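Chain residues, written in single-letter form:
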Amino acid sequence: MKSDAPQLTLVTSLCGSGTCPTVYRTDRGTLVVQGYTITADNVDIDLPAGEQLVEVPADLLAAALRASE
């Protein structure tokens, strides 16, 4: 039976090991971002079911963009 979970490939991480904010590429043509969860209640945003807010350093996203070029 095939899993619905995407297969992740490391794009970039600020610590090099994937144990801190990290960006992954999936086999679905999407990106997965690992970061620090922020609750919607704390920032007064109405999120749809299944979505979360994730805080990551801007440097991480800049590195991910460079890595995908």
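In case you missed it, the structure is sitting above this.
Since the model is a prediction, treat every value here as computed from it, not as a measurement. (Residues numbered from 1 in each chain as written. Predicted model: local features only at pLDDT ≥ 70, side-chain atom pairs only at ≥ 80, totals over all residues. Heavy atoms only, no water.)

J.: Explain the sheet that holds strand β1 (residues 8–13) to me, please; I cannot follow it from the model alone.
T.: Each strand in a sheet pairs with its neighbour through backbone hydrogen bonds, running either in the same direction (parallel) or in the opposite one (antiparallel). In space, the three strands of this open sheet follow the order β1-β2-β3, with antiparallel pairing throughout. A single partner strand is all that each edge strand has here, and the edge strands are β1 and β3 (31–34). Within this sheet the neighbouring strands show an average axis-to-axis angle of 25 degrees, counted without direction. As paired strands, β1 and strand β2 (residues 22–26) are joined by five bridges and run antiparallel to one another. When the bridges of β2 are listed, Thr-12 appears paired with Val-23. In the packing of helix α2 (residues 58–67) onto the sheet, contacts are made with β1 and β2, and the angle to β1 comes to roughly 120 degrees. (Pairing = 2+ DSSP bridges. Helix = DSSP H or I, 4+ residues; strand = E, 2+ residues; numbered from the N terminus. Axes fitted to C-alpha atoms, helices over the stretch in contact; angles between N-to-C directions. Contact = heavy atoms within 4.5 Å.)

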